[in-house]
Amino acid sequence: MDGGEIAALIGAGAFAMLVLVLAVPILRLRHTIDAATRAINDLNDRTEPMLRNVNLTIEGVNTTLDQVHTSLDGVNVQLAKVDTITGHVQNVSANVANLTTVVSAAAANPLVKVAAFGYGVRKAAAARRGAEEEREVKDVLRARRRAGRR
């Protein structure tokens with residue numbers, strides 16, 4: 001055996017030692033990877049039913065949202081009708097207000113005249129009554145003065 005063969009034999013032995021030394025961590029890493037794979041598979045088995053339930057819940061929420069959207073569309077239609085009715089009522093109210101103003105203006109002038117005439121009649125009747133009473137008092141006083149002179 002010459003020096004090159006011995007060196008090749010030493011190199012081969014060193015490489016075999018290196019493979020044996022690295023085989024232990026690689027085997028341990030294999031066990032770790034197997035444990036991680038089992039954990040991932042277990043997690044998959046547990047999350048699949050939960051995800052199905054979440055999907056069912058989301059479908060239920062979507063159905064409810066569609067119903068709410070349909071209800072809101074109906075409410076918006078009714079609100080549009082109420083807006084139309086409110087506009088008509090506003091027009092009727094304006095017309096009634098205008099009619100009230102016209103009737104008030106037409107009836108107010110004669111009513112004021114009738115009220116003024118009534119006031120004048122009362123005032124004249126009161127003045128006449130007062131004048132008659134005043135005449136009677138003056139007549140009584142004159143009669144007393146005449147009687148006192150005699």
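Analysis parameters
Residues numbered from 1 in each chain as written. Predicted model: local features only at pLDDT ≥ 70, side-chain atom pairs only at ≥ 80, totals over all residues. Heavy atoms only, no water. Helix = DSSP H or I, 4+ residues; strand = E, 2+ residues; numbered from the N terminus. Rg over C-alpha atoms; globule rule 2.2 N^0.38 Å. Buried < 20%, exposed > 50% of the residue type's maximum accessible area, 1.4 Å probe, protein only. Areas by Shrake-Rupley, 256 points an atom, 1.4 Å probe, with all protein chains shown as cover. UniProt positions renumbered as here; feature names shortened; annotations may be inferred. Salt bridge = Lys/Arg side-chain N within 4 Å of Asp/Glu carboxyl O. Patch = residues over 30% accessible without salt bridge, like charges linked within 9 Å, V, L, I, M, F, W, Y side chains within 5 Å.

Asks: Any details on the overall build of the protein chain? Residues and values, ideally.
Replies: Within the protein chain one finds one helix and zero strands. In terms of overall size, the protein chain is more extended than a compact globule, its C-alpha atoms giving a radius of gyration of 60 Å where 150 residues would be expected to give roughly 15 Å. Projected onto its principal axes, the C-alpha coordinates of the protein chain cover approximately 195 × 45 × 30 Å. Counting the 150 residues in the protein chain, one finds 0% classified as buried. Roughly 13400 Å² of accessible area belongs to the protein chain as shown, and the carbon and sulfur atoms make up 65% of that amount.

Asks: Describe the UniProt feature "transmembrane region" (unreviewed entry) in the protein chain, with residues and values.
Replies: The sites that UniProt annotates as "transmembrane region" (unreviewed entry) are residues 6-27. A helix fraction of 100% and a strand fraction of 0% characterise residues 6-27, whose end C-alpha atoms lie 31 Å from each other.

Asks: I'd like to hear about the pattern of salt bridges, residue by residue, with values.
Replies: Tallied over the full model, the rule gives five salt bridges. A salt bridge links Glu134 to Lys138; the shortest N-O distance between them is 3.5 Å. With Glu134 and Lys138 both in helix H1 (residues 3-149) and four residues apart, this pair spans about one turn of that helix. In this structure Glu134 comes out as partly exposed when scored by relative accessible area, which is 47%.

Asks: Could you give me a rundown of a nonpolar patch on the surface, with the residues and numbers involved?
Replies: Together, Phe15, Leu18, Val19, Leu22 and Ile26 line one region of the surface with nonpolar side chains, adding up to about 490 Å² of accessible area. Relative to the assigned elements, Leu22 resides in helix H1. Overall, the relative accessible area of 44% leaves Leu22 in the partly exposed class.

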